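Examination of the molecular architecture
The lines below spell out each chain.
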2 protein chains.
Amino acid sequence: MTATVAEENYIKAIFHLSKNENKVVNTNAIANEVQTAAATVTDMLKKLADKKLIKYEPYKGVSLSKNGLLMAGKIVRKHRLWETFLVEKLNFKWDEVHEIAEQLEHIQSDDLIGRLDKFLGSPKIDPHGDPIPDAEGNLIPITSKPLTIASSHDVHTVASVGDQSSSFLQMLDKLKISIGTKIKIVEKHEFDGSLQVKINNQNIINISEQLAKNLIVK
Amino acid sequence: MTATVAEENYIKAIFHLSKNENKVVNTNAIANEVQTAAATVTDMLKKLADKKLIKYEPYKGVSLSKNGLLMAGKIVRKHRLWETFLVEKLNFKWDEVHEIAEQLEHIQSDDLIGRLDKFLGSPKIDPHGDPIPDAEGNLIPITSKPLTIASSHDVHTVASVGDQSSSFLQMLDKLKISIGTKIKIVEKHEFDGSLQVKINNQNIINISEQLAKNLIVK
DNA sequence: ATTTATTTTTAGATTTGCCTAAATTTTATT
DNA sequence: AATAAAATTTAGGCAAATCTAAAAATAAAT
């Protein structure tokens, strides 16, 4: 029933490589993900298949079983809740938390995770904008997120706003930003969190972190 | 430099058995503490001696070296800080946190522990009344003793408990005894070692020697 | 002071997770 | 389609942490 830390890491690797679809993942990709030799992966795949966590056909690749998918979801939930804790409560920067969360995600206690979730106000997305699976391990994919955590050099579309105040909405009008506006992040300034963005593939402007945080894009 | 989880558990066991003194601990006691076979302990002692964490003489027992003592102190610090977090922030009861803290104490990150300590307000004692070692692993002993050897007709304050079992802690809850409770010894019964005590200058109850032994007062 | 009992260590195995090298299967190329 | 290249698996081993059973050392008892 309970998996070892190594098993959990393989399940998580397969999950990340298959992106919650039923996509088939190959041995070398897993070996690269968990930084181990391909032969070691083969050994582990046999064990995971015995435990019915994956569907495995020699030479043809693997995909997660229903149980494996839920187990992966629970591990990812723990990882993302801990990352949220580290950033929100302990004031880590979002780029400093991954390795610590890799350790914390293996702590075994449903009660602990339930209380941690409550303590954090049952967040639905983590500090990187990734969705947090529910207690059963189900992940509801979220496509929209604040512009502050959207990918650089990518075009995003404004889907909603995170603030309804007139001062905010008036400013958007001035900047010619509305629902449906295309925004491309040109550069992120470390200093104050402001963003250099291209609006509708036309003019380039600089917007504050405060403003970007309230632009929900997809 | 970095120890495995198993090594840390042995170091911690020796620490708890020798009570921060240089007392010699024997193999069977360690085996009992870490719930393993005596032969396994011998194997591990050789490894820890190679790493200069203990002073080991075959058949004669072990004691922690200076480095071993500091390592134990750091592990205990982590354990007690996490217990404080679980009780203070996640609202666990004090008798529910031990096993989870046993897992959390092995998370590797000085930065994390530094921030956790700050987040908790740099507590000096944990929810059981035990002192929290400093960041280097130094433990400042607290002048406290079991109620069984405390002076009669004198008021004492519960400082910590000598047993972490939930049956014991639950009994204390029932008796309305917690850290900080004032206890005055009214009478000592020769027959069974039980004590007639006055709780917080109010009700008088009789407590067993077994219970009194585990009430650490100052 | 011998003998008996207890404690501790050694010897030999097992399991888990990992490795390299060789064999096999699949995929790509000429 | 035959061969070369790449991916995968099998085979055989290793280190860590554990075990049981036997041997050795120490402590207790007659």
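The rules behind the values
Residues numbered from 1 in each chain as written. Chains lettered and ligands numbered in written order. Predicted model: local features only at pLDDT ≥ 70, side-chain atom pairs only at ≥ 80, totals over all residues. Heavy atoms only, no water. Helix = DSSP H or I, 4+ residues; strand = E, 2+ residues; numbered from the N terminus. Expected span 1.5 Å × (residues − 1). Buried < 20%, exposed > 50% of the residue type's maximum accessible area, 1.4 Å probe, protein only. Polar contact = N/O pair within 3.5 Å; in protein donor to acceptor, adjacent residues only side chain to side chain. Axes fitted to C-alpha atoms, helices over the stretch in contact; angles between N-to-C directions. Parallel < 35°, antiparallel > 145°, perpendicular 65-115°, else oblique. Contact = heavy atoms within 4.5 Å. Nonpolar A, V, L, I, M, F, W, Y, C, P; charged D, E, K, R; others polar. 1 Å grid on protein atoms, 1.4 Å probe; cavity = no way out; pocket = protein on both sides within 12 Å on 5 of 7 lines; lining within 4 Å. Points joined across faces, edges and corners; volume = space filled by probe spheres on them. Pairing = 2+ DSSP bridges. Salt bridge = Lys/Arg side-chain N within 4 Å of Asp/Glu carboxyl O. Near = heavy atom within 4 Å.

1. Examining helix α4 (residues 66-88) of chain B
Residue and element names in this part refer to chain B. In this model α4 runs 32 Å from its N-terminal to its C-terminal C-alpha over 23 residues, within 8% of the 33 Å that 1.5 Å per residue would give. Of all 23 residues in α4, 17 are buried; the element is thus mostly enclosed. With a side-chain oxygen lying 3.3 Å from the backbone nitrogen of Asn67, the N-terminal cap of α4 falls on Ser65.

2. Regarding the packing of helix α1 (residues 5-18) of chain A against helix α3 (residues 38-50) of chain A
Residue and element names in this part refer to chain A. α3 packs onto α1 with a crossing angle of 95° between their chain directions and a minimal axis gap of 11 Å. The angle between the axes of α1 and α3 places the two elements in the roughly perpendicular class. Two secondary-structure elements touch here, α1 through Ala6, Glu7, Tyr10, Ile11 and Ile14 and α3 through Thr40, Val41, Met44, Leu45, Lys47 and Leu48. Classifying every residue of the contact of α1 with α3 by side-chain character gives eight nonpolar, one polar and two charged.

3. Some thoughts on the layout of surface pockets
Residues and elements named next belong to chain B. Approximately 1,200 Å³ is the volume found for the largest pocket. Considering the residues around the largest pocket, the lining is formed by 37 residues, among which His16, Lys19, Arg80, Asp130 and Gln164 are closest to the centre. Looking at the lining of the largest pocket element by element, the count peaks at seven residues for helix α1 (residues 5-18). Considered class by class, the residues forming the lining of the largest pocket number 13 nonpolar, 13 polar and eleven charged.

4. Some remarks on the sheet that holds strand β7 (residues 204-207) of chain B
Residue and element names in this part refer to chain B. Taken in spatial order, the six strands line up as β3-β8-β4-β5-β6-β7 in an open sheet, and their pairing is antiparallel. The sheet terminates laterally at β3 (145-146) and β7, the two strands that pair on one side only. The pairing of strand β4 (residues 155-161) with strand β5 (residues 182-188) spans three bridges and is antiparallel. Of the residues in β5, the one forming a bridge with Thr157 is Lys182.

5. Describing the pattern of salt bridges
Tallied over the entire structure, the rule returns 18 salt bridges over all chains. Among the salt bridges present, the one from Lys93 of chain A reaches Glu96 of chain A, with a minimum N-O distance of 3.9 Å. What makes Glu96 of chain A partly exposed here is its relative accessible area of 33%. Residue Arg115 of chain A pairs with Glu96 of chain B through a salt bridge whose shortest N-O separation is 4.0 Å.

6. So, the protein's contact with DNA strand D
Looking at DNA strand D, there are 20 residues lining it, with Tyr56 of chain A together with Thr4, Thr36, Thr40 and Lys47 of chain B nearest. Near the protein, within 4 Å, the atoms of DNA strand D are sugar or phosphate in 73% of cases. Within the side chain of Lys46 of chain A, one N or O atom sits 3.1 Å away from a phosphate oxygen of DNA strand D. Between DNA strand D and the protein, one listed contact pairs a phosphate oxygen with a backbone N or O atom of Ala37 of chain B at 2.9 Å. Where the surface near DNA strand D is concerned, the elements lending two or more residues are α2 (27-34) and α3 of chain A together with α1 and α3 (38-50) of chain B.

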